[in-house]
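Coordinates in review
Okay, here's what each chain looks like letter by letter:
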Amino acid sequence: MTLLEALAILAAGMAAGTINVVVGSGTLVTFPVLLAVGYPPLVANVSNTVGLVPGSVAGAVGYRRELAAHRGLLLRMGTASLTGGLVGAALLLTLSPGAFEVIVPVLVALAVVLVAGQPWLARRLGTRAPRGRAHVGPFLLGAIFATGVYGGYFGAAQGVILLGVMGLALPLELQEINGIKNVLAGLVNGVAALVFVFAADVSWQAVALIAVGSAAGGALGARLARRLPAPVLRAAVVVVGVVALVLLLR
């Protein structure tokens, strides 16, 4: 690896850490960079997942104030995310990516629609309970589990999908949902990373560079995202989601 390539991976890690905390889809920055410098797709994917874990931790810590009142939610949904991430990591090591390549753009497109139209949909359908009475039903847990499976397998736009699903189902402010999203995505990345460390070919050079960059980016992203008004944050999610969809369909 040349110095220029190392700097590119470091910069991509920082950008991905920032983007992941604000909205998600940071993998769409780091994964192509790893491919560009010569890593095989599977090695790039697993190394990217391991390297982004510190960024997820930094983002969750940055949102600790918003998360303080939702430990019960985090416990229930976190269990679903962990289980899904474990299944997704196992699928990556055993299955062909063909099916996921078909369904992922559909999931991302649906998530963008949910995020963009969530306030209108919630009023129209009357699905949101009064603020403070969040209920985690089977549908939401199933959606969180399924997103965890996808996140453990690849993870690009996992955050957008989580924001779309939880934004419609939970009676919480968008910033609170974004904090929960950071924890759930971090759990998925973390459990998948554990599987990959012991069962896959990981490039520790790439992991180290992405980890340093993503940790710095995660801290920066938390400071930035928490200052964004809900409409601006929602618009950012939609823009990133559309970009992710375009890239996935290429």
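As a convention, each chain's residues are numbered from 1 in the sequence order in which they are written. Local features in this predicted model are restricted to residues of pLDDT 70 or higher, and side-chain atom pairs are both shown and tallied only at a pLDDT of 80 or more, whereas totals for entire chains, interfaces and linings draw on every residue. Excluded from the side-chain calculations are hydrogens and water; all other atoms, namely the structure's heavy atoms, are used.

**A short note on the confidence of the model for the protein**
Keep this limit in mind: Confidence scores here are pLDDT values: one per residue, from the predictor, ranging 0 to 100. A run of H or I in DSSP becomes a helix once it reaches four residues, and a run of E becomes a strand once it reaches two; helices and strands are each numbered from the N terminus. Contacts between residues were defined by any pair of non-hydrogen atoms, one from each residue, lying within 4.5 Å.
Of all residues in the protein, 84% attain a pLDDT of 70 or more, and the chain-wide mean is 82. Between the elements of the protein, mean pLDDT differs from a low of 65, seen in helix H7 (residues 98-125), to a high of 92, seen in helix H11 (residues 204-225). Counting contacts from residues 125-130, a segment whose pLDDT is below 50, to residues more than four positions away or on other chains yields 12 contacts.

**Remarks on the side chain of serine 81**
Just so we agree on the cut-off: Exposure classes here rest on a 1.4 Å probe applied to the protein chains alone. A residue is buried below 20% of its type maximum, exposed above 50%, and partly exposed in between.
Of note, serine 81 is situated in helix H6 (residues 71-94). Judged by its relative accessible area of 1%, serine 81 is buried. Once residues lying within four places of it in the same chain are set aside, the contact partners of serine 81 are Ile144, Gly148, Leu184 and Val188.

**Some points on the nonpolar core**
Formally: Residue types Ala, Val, Leu, Ile, Met, Phe, Trp, Tyr and Cys, when buried and joined through side-chain atoms within 4.5 Å, form a set referred to as a nonpolar core.
Of all hydrophobic cores here, the largest spans 55 residues; its most connected members are Met77, Leu140, Ile144, Met166, Ile180 and Phe196. Per-element tally for this core: the top contributor is helix H10 (residues 174-199), with nine residues. Contact partners of phenylalanine 196, with chain neighbours within four places excluded, come to Val46, Thr49, Val50, Ala89, Leu92, Leu93, Gly152 and Val202.

**Overview of a nonpolar patch on the surface**
So the rule is basically this: Residues enter patches when they are more than 30% accessible in relative terms and free of salt bridges; like-charged ones are connected within 9 Å and nonpolar ones (Val, Leu, Ile, Met, Phe, Trp, Tyr) within 5 Å. Here the Shrake-Rupley method, with its probe set to 1.4 Å, supplies the accessible areas, and only the displayed protein chains count as covering residues. We define a salt bridge as a contact between a side-chain nitrogen of Lys or Arg and a carboxyl oxygen of Asp or Glu at a distance within 4 Å.
Taken together, the side chains of Leu194, Val197, Phe198 and Trp204 present a nonpolar region at the surface, about 490 Å² in accessible area. By relative accessible area, which is 74% here, phenylalanine 198 ends up exposed.

**Quick notes on the environment of leucine 163**
For leucine 163, the location among the structural elements is in helix H9 (residues 158-169). Sequence separation of leucine 163 and lysine 181 is 18 residues, and the distance between their C-alpha atoms is 6.6 Å.

**So, the side chain of glutamine 175**
Stated precisely, the cut-off is as follows: Nitrogen and oxygen atoms within 3.5 Å of one another constitute a polar contact, given that in protein one can donate a hydrogen and the other can accept it, and given that sequence-neighbouring residues count only through two side-chain atoms.
Structurally, glutamine 175 can be placed in helix H10. Reaching out from glutamine 175, the side chain makes a polar contact with the side chain of tyrosine 63 at a distance of 2.7 Å.

**Here we look at helix H2 (residues 27-36)**
Those residues of H2 lying buried are Thr27, Leu28, Thr30, Phe31 and Leu34. After H2 finishes, the residue glycine 38 shows a positive phi value of roughly 110°.

**What about empty space enclosed by the protein?**
As a reminder of what qualifies: The rule is simple: put a 1 Å grid over the protein atoms alone, call a set of points where a 1.4 Å probe fits but cannot get out a cavity, call an open set with protein on both sides within 12 Å along at least five of seven lines a pocket, and count a residue as lining if it has an atom within 4 Å of a point. Grid points are joined across faces, edges and corners, and a volume is the space filled by probe spheres set on the points.
By the definition in use, this model includes one cavity of 30 Å³ or more. Taken as a whole, the largest cavity encloses approximately 210 Å³ of empty space. Lining the largest cavity we find 23 residues, and of these Asn20, Ser56, Gln158, Ala185 and Asn189 sit closest to its centre. Secondary-structure elements contributing two or more residues to the lining of the largest cavity are helix H1 (3-22), helix H3 (41-51), helix H4 (53-62), H9 and H10.

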